[in-house]
Amino acid sequence: MLDEKEFENHIKDRIKASSNIMSEIILGGQDGLVNTLGVLLGISAATSDIRIILAGALAAAFAESISMAAVAYTSKQTEYENYLSELKREREDIKKMPDIEKEEIRRIFKKWGVSDEDTETMVNIISRNEDAWVEIMMAHELELGKVSNEKPIKFAITVGLSALIGSFIPVMPIFIVTPNYLWIASLLVSALVLLVIGYIKTKMTIGSPFKGALKLMLIGILSAIAGYLIGYLIGGGVG
């Protein structure tokens with residue numbers, strides 16, 4: 001049997017693993033890379049003027065990073081506010097309609113295959129503790145995990161900076177190759193980085209890392225090629 005310290009360490013490790021900052025970095029980096037690559041390919045297809053290509057790509061990079069940071073912040077806030085709203089409503093329902101809420105607990109335990117006798121025992125125990133009652137209902141009736149409002153700004157900054165760094169990846173070849181070959185170089189560099197991101201992303205979750213890498217690379221590249229086709233059609237080809 002675990003002692004109290006071992007148990008606390010175990011819980012801390014699980015919480016740390018579930019809030020891995022790598023997932024936030026991958027989220028921002030992947031999005032920034034694909035969006036900026038699409039813009040860069042589109043402009044490269046329409047013009048060979050390196051200043052226009054660079055200006056457009058950098059504008060897309062900074063706009064994307066700011067947008068991602070803002071979305072990350074507001075999504076965290078919205079998620080937390082929605083959780084608080086449902087929590088408040090659940091507490092009110094327990095006070096106003098305790099019999100209905102108890103019946104919902106019964107159905108949860110019956111769905112798990114718990115006997116009628118044990119179900120009644122558990123309902124009586126849980127209904128005497130409002131916090132436990134609410135937690136059961138939030139998790140198993142509404143299927144909402146506990147949401148904290150910790151560090152939404154940190155989350156936004158992490159995602160925004162990752163998006164900015166990811167956005168620079170397809171731009172780097174602009175200083176090495178000629179404009180006519182820029183789109184090819186950017187595509188190859190971005191494809192390689194997406195493969196790495198996809199591998200790491202799948203390694204952190206489930207599934208084959210190699211399949212995950214290939215899948216992310218194909219989705220990202222196909223999305224970016226759409227930008228190239230639009231630029232080609234509007235610009236009439238590389239000029």
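Parameters and conventions
- Residues numbered from 1 in each chain as written.
- Predicted model: local features only at pLDDT ≥ 70, side-chain atom pairs only at ≥ 80, totals over all residues.
- Heavy atoms only, no water.
- Phe/Tyr/Trp six-rings, centres within 6.5 Å; stacked < 30°, edge-to-face > 60°.
- Helix = DSSP H or I, 4+ residues; strand = E, 2+ residues; numbered from the N terminus.
- Buried < 20%, exposed > 50% of the residue type's maximum accessible area, 1.4 Å probe, protein only.
- Lys NZ or Arg CZ within 6 Å of the ring centre and 35° of its normal.
- 1 Å grid on protein atoms, 1.4 Å probe; cavity = no way out; pocket = protein on both sides within 12 Å on 5 of 7 lines; lining within 4 Å.
- Points joined across faces, edges and corners; volume = space filled by probe spheres on them.
- Nonpolar A, V, L, I, M, F, W, Y, C, P; charged D, E, K, R; others polar.
- Lys, Arg positive; Asp, Glu negative; His and termini not counted.
- Salt bridge = Lys/Arg side-chain N within 4 Å of Asp/Glu carboxyl O.
- Contact = heavy atoms within 4.5 Å.
- Axes fitted to C-alpha atoms, helices over the stretch in contact; angles between N-to-C directions.
- Parallel < 35°, antiparallel > 145°, perpendicular 65-115°, else oblique.
- Left-handed = near helix turned anticlockwise from the far one by under 90°.
- Patch = residues over 30% accessible without salt bridge, like charges linked within 9 Å, V, L, I, M, F, W, Y side chains within 5 Å.
- Areas by Shrake-Rupley, 256 points an atom, 1.4 Å probe, with all protein chains shown as cover.

Enquirer: In this structure, what is going on with the packing of aromatic side chains? I would like to understand it.
Expert: In this description, a pair of aromatic rings is defined by centroid distance and the angle of the planes. A full pass over the atoms with the stated rule returns 3 aromatic pairs. On the basis of an interplanar angle of 65° and a centroid distance of 5.5 Å, the ring pair of Tyr199 and Phe210 is categorised as edge-to-face. Here Phe210 lies in helix H9 (residues 209-235) and Tyr199 lies in helix H8 (residues 179-204), a separation of 11 residues in the sequence. Of the residues examined, Phe210 reaches a relative accessible area of 63% and is grouped as exposed. Over the ring of Phe155 we find Lys76; its NZ or CZ atom is 4.8 Å from the centre of that ring.

Enquirer: Would you take a moment to explain the layout of surface pockets for this structure?
Expert: Space left empty within the atom packing is revealed by a probe, the size of a water molecule, rolled over the atoms. Of the pockets and cavities examined, the second largest pocket occupies roughly 270 Å³. Considering the residues around the second largest pocket, the lining is formed by Tyr83, Leu87, Arg91, Asp131, Val134, Glu135, Met138, Ala139, Leu144, Gly145 and Lys146. Broken down by secondary-structure element, the contributors of at least two residues to the lining of the second largest pocket are helix H3 (50-96) and helix H6 (130-140). When residues of the lining of the second largest pocket are assigned to their parent elements, the largest contribution, 5 residues, is made by H6. Of the residues contributing to the lining of the second largest pocket, the split by class is 6 nonpolar, 1 polar and 4 charged.

Enquirer: Looking at this model, I keep getting lost on the side chain of Glu24. Mind explaining?
Expert: Within the element layout of this structure, Glu24 appears in helix H2 (residues 21-46). Despite its burial, Glu24 pairs with no opposite charge, the nearest such side chain being Lys76 at 5.6 Å. Contacts of Glu24, omitting those with residues within four sequence positions, involve Phe155, Thr158, Val159 and Ser162.

Enquirer: Teacher, can you tell me more about the packing of H2 against H3 here?
Expert: Helix-helix packing is described using two parameters, namely the angle between the two axes and the distance between the axes. Here H2 crosses H3 at 155°, and the two axes come no closer than 9 Å. It follows that H2 is roughly antiparallel to H3 by the angle criterion. As for the relative orientation of H2 and H3, their crossing is right-handed in sense. Where H2 abuts H3, its residues Leu27, Gly28, Asp31, Gly32, Asn35, Thr36, Val39, Leu40, Ile43 and Ser44 lie against Ile52, Ile53, Gly56, Ala57, Ala60, Ala61, Glu64 and Met68.

Enquirer: Is there a simple way to think about a nonpolar patch on the surface in this case?
Expert: Together, Ile21, Met22, Ile25, Val196, Tyr199, Ile200, Met204 and Phe210 make up a nonpolar patch on the protein surface, roughly 670 Å² of accessible area in all. When contributions to the nonpolar patch are tallied by element, the ones reaching two or more residues are H2 and H8. When residues of the nonpolar patch are assigned to their parent elements, the largest contribution, 4 residues, is made by H8. Inspection of the secondary structure puts Val196 in helix H8.

Enquirer: Honestly, the side chain of Glu90 in this entry has me stumped. Any pointers?
Expert: Of note, Glu90 is situated in helix H3. Of the buried charged residues, Glu90 lacks a salt bridge, with Arg89 as the closest side chain of opposite charge at 5.8 Å.

Enquirer: Quick question: what am I supposed to make of the environment of Val147 here?
Expert: Inspection of the secondary structure assignment puts Val147 in the loop between H6 and helix H7 (152-168). When the C-alpha atoms of Val147 and Lys76 are compared, they prove to be 9.1 Å apart, with 71 residues separating the residues in sequence. For Val147, the residues in contact, after removing those within four places along its chain, are Glu79, Tyr80 and Tyr83.

Enquirer: Help me understand the packing of H3 against H7 in this model?
Expert: Running from N to C, H3 and H7 cross one another at 155°; their axes reach a closest spacing of 8 Å. If you check the angle between H3 and H7, you find them roughly antiparallel. Crossing of H3 over H7 shows right-handed handedness. Here Leu58, Ala61, Phe62, Glu64, Ser65, Met68, Ala69, Ala72, Tyr73, Ser75, Lys76 and Gln77 of H3 come into contact with H7, specifically with Pro152, Ile153, Phe155, Ala156, Val159, Gly160, Ala163, Leu164, Ser167 and Phe168.

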